[in-house]
Amino acid sequence: MGGHESQERGYSHMFDLNKIEGRGKAFGAFILIFLTMAVSEGAGAKMNHHTVHLPSTIQGWERTGPNRIAGSKSLFDYMNGGGELYLSYGFDHLDVYHYVSKGHEKVLVEIYFMKSTDDAFGLLSLDWGGDAVRFDPPSSKGPDPNVPEVPRALYGGGLLRVWAGRIYARIMAHRETPDTRKLVMDLGRRITGDHKSANPPELFNRLPDVIEDGWALRRDRAGYFRSHLVLNSLFFLSYTNILSLDHSVEAVTAPYEKTGEKTGRIQALVITYGSSVKAKEALQKFLEAYLPEQKRPVDFSRTSVYNIEDGHLAFRSTRQCLVLVFKAPDDRTARAAVDALTCDSNKKGDEQ
Amino acid sequence: MKHHHKTITRRDFLRGTLGATLTASMLGVPWMDKTAHAMQKSSVTVVRDREVMDAGRSVDTRRLQSMLDQLILTITGKKTVRDGWAVFVKPDDIVGLVPTPHLNPTHDELFEVLRETLHREAGIPKKNIRDAQGGSRRPKQCTVLIPIPALKAHWLTGIGTVMKNYIMYSGRPTRYHDEKSARLGEIWLQPEVKNKTRLVIVDALYPLCDKGPQPDPRYRWPYRGLIGGTDPVAVEAVCLEVINRKRQALRGEPWPVTPPPICLEAADKVYGLGTSDMKKINIQRIGWKKEILI
């Protein structure tokens, strides 16, 4: 099945023809050329912040929809517990389209309109697997050295996932064939349209690539989120919201790995709250749930380290920021990791 | 008596203290100790056929029928399919088949083959073989329930296959989120459901090992199997093992479902619905063995 082949390429294989092997190379070249030409012809979909107009027919495919889904109940009716994922971010509404060919092939289009570009980014960030696809032309200014290059669209197994401004879109072929792939890519290009690309959230950008002593960031496993439900899907801590996560906070989590003589993996978690008071309250709540045996008063502004079942746990709260590191092999690594991780110190709000 | 609520965390799974944390004060039912389960062993059957589904994912119903027959014969140990089904149903039963209705649904072909089989082999009129998925009125009308869920991981509960299959019978599925998913077993003990489940058959033809319930083709694969047994918890445990092994194969390293499926252990040790311990489950493997994963 095609999805397997693209499973682990993800982040480290930005759409680079040199990295596409075998027969995929020629096809990949065709796709890149096709997409570049299509963009340069300005054939994007009409789009505003609340809707995207997709053509009723494309190359023999007929469209039905959109079916607009707004509100948590409607979303639950549409996808049961799957809807909780989108509600965990700033969900506004969903437009659903179906395309059917004369040969009865089907493509499902789901366009999630989120309240912010960060929320739409967060949905893409939950899984960096797949082949990166580029619909927008490279910036004439060149890449911003302060912003890591991230894929805006990822394709694998017949599914294209797109981040375009406040939109997160899933375009999924019921069966992956050359024809369905062509339509999926065409729709992806149209949805992206001429929508101005946004930068990833600053909190995500701020993850250091390397922590002392050779611990390298696995950015292909880094996720941006606001909910403990999403955190649990990336790194399980507790079924209960022990870190007081909600739509007012931002959080990233990512593993750092070390290879060589001593391999290992630590998990970083960085959270920004609305105020320093909320950050400290969250840390207190975390301690009571996660380290209930810890009775001594803790100075939250200094790094604390505890050796527990799966390694060293370290944390520190500075202003609105809470940094936690899990599974560190020793005290020194745990402290170094906490020191290296940081939040955005320029956020408005309580600066105590 | 005031109950002290203790939060389940990652550390409980690492320390093996999940049982102690899920106490009577939380679930209202005592956590069974080890001795109560010491002698329980269960059997789960996995039947696979490489030809049951083609590359276009069309299902060969003849081969599916054969798989179903083999499943029944292996589970019951009987010599004929008719005698096998007679272990579970009688001609005057009203049988509720409980499929996964959408988002990686149970294959229609399995539902139809099963219905035809029950009619032909067990002598049950077709009007008494019903789709019993939905609200609590549906199981009330049935004397026998046969869950036929599709095998899938679930982003909220780890796995969303057997134990979750009856969630709509609760009338309030949102009550079973977060750590309250441990309570899924209680639905199986509701009066309209209790003791009606004779057999579980999991549609493992084209399972989903991540991102469920929302379909994601990158994580679906043609396992081409049916997984069945009389112990729903044991069947779910084997299903979980299949999913976790597939995830490991995809990533090249252990990649267990997250969050850990708390409902499974609770179904065993709180609600006494069956065995979740893989060491106590005997797996019978029939048919195609390639990449069977267990």
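All of these numbers come straight from a predicted model, not from anything done at the bench. (Residues numbered from 1 in each chain as written. Chains lettered and ligands numbered in written order. Predicted model: local features only at pLDDT ≥ 70, side-chain atom pairs only at ≥ 80, totals over all residues. Heavy atoms only, no water.)

Draft legend 1. Quick peek at unusual backbone geometry. Backbone torsion omega between A:G65 and A:P66 reads 20°, so that peptide bond is classified as cis. Tracing the chain through its elements places A:P66 in strand β4 (residues 61–70). Following B:T258, the chain continues to B:P259 via a peptide bond in cis, the omega torsion being 0°. Within the secondary structure, B:P259 is located in the loop between α10 (232–251) and α11 (262–269). Not every positive phi belongs to a glycine, and A:K327 is a case in point at roughly 65°. Inspection of the secondary structure puts A:K327 in strand β18 (residues 321–328). A:K327 sits in the partly exposed class, given a relative accessible area of 28%. (Helix = DSSP H or I, 4+ residues; strand = E, 2+ residues; numbered from the N terminus. Buried < 20%, exposed > 50% of the residue type's maximum accessible area, 1.4 Å probe, protein only.)

Draft legend 2. Geometry of the side chain of A:D95. Residue and element names in this part refer to chain A. Within the secondary structure layout, D95 lies in strand β5 (residues 91–100). A polar contact is formed between the side chain of D95 and the side chain of R68, at a distance of 2.8 Å. When neighbours within four sequence positions are excluded, D95 is seen to be in contact with H50, T51, P66, N67, R68, V109, E110, I111 and F113. (Polar contact = N/O pair within 3.5 Å; in protein donor to acceptor, adjacent residues only side chain to side chain. Contact = heavy atoms within 4.5 Å.)

Draft legend 3. How the structure looks around the state of the cysteines. Applying the stated criterion across every chain, the model contains 1 disulfide over all chains. One disulfide in the model links A:C321 with A:C343; its S-S distance is 1.9 Å. The S-S bond linking A:C321 to A:C343 shows a torsion near 70°; that makes this disulfide right-handed. With A:C321 in strand β18 and A:C343 in the segment after α10 (331–340), this pair connects stretches of sequence that are 22 residues apart. Since its relative accessible area comes to 9%, A:C321 is described here as buried. Free of any disulfide, B:C239 has its nearest neighbouring cysteine sulfur in B:C263, separated by 12 Å. The class of B:C239 is buried, set by a relative accessible area of 0%. (Disulfide = S-S within 2.5 Å.)

Draft legend 4. Quick look at the sheet that holds strand β7 (residues 131–132) of chain A. All names here are of chain A. Judged by pairing direction, the sheet is antiparallel, and its 8 strands sit side by side in the order β3-β4-β5-β6-β10-β9-β8-β7 without closing on themselves. Two strands bound the open sheet, and with one partner strand each, they are β3 (57–58) and β7. Taken together, the 4 bridges between strand β8 (residues 153–156) and strand β9 (residues 159–164) define a ladder with antiparallel strand orientation. Bridge pairing links L154 to R161 in β9. Against the sheet, helix α3 (residues 72–79) contacts β4, β5 and β6 (106–114), and its axis sits at roughly 135° relative to β4. Against the sheet, helix α5 (residues 117–125) contacts β6, β8, β9 and β10 (167–173), and its axis sits at roughly 155° relative to β9. (Pairing = 2+ DSSP bridges. Axes fitted to C-alpha atoms, helices over the stretch in contact; angles between N-to-C directions.)

Draft legend 5. Summary view of the packing of helix α5 (residues 61–76) of chain B against helix α7 (residues 108–122) of chain B. All names here are of chain B. One can describe the packing of α5 onto α7 by two numbers: an axis separation of 10 Å at closest approach and a directional angle of 60°. One element, α5, and the other, α7, form an angle in the oblique class. The way α5 lies across α7 gives a crossing that is right-handed. Contact with α5, carried on its side by T61, L64, Q65, L68 and D69, involves E109, L110, V113, L114, T117 and R120 of α7 and no other residues of that element. Tallied by class, residues from the contact of α5 with α7 come to 5 nonpolar, 3 polar and 3 charged. (Parallel < 35°, antiparallel > 145°, perpendicular 65-115°, else oblique. Left-handed = near helix turned anticlockwise from the far one by under 90°. Nonpolar A, V, L, I, M, F, W, Y, C, P; charged D, E, K, R; others polar.)

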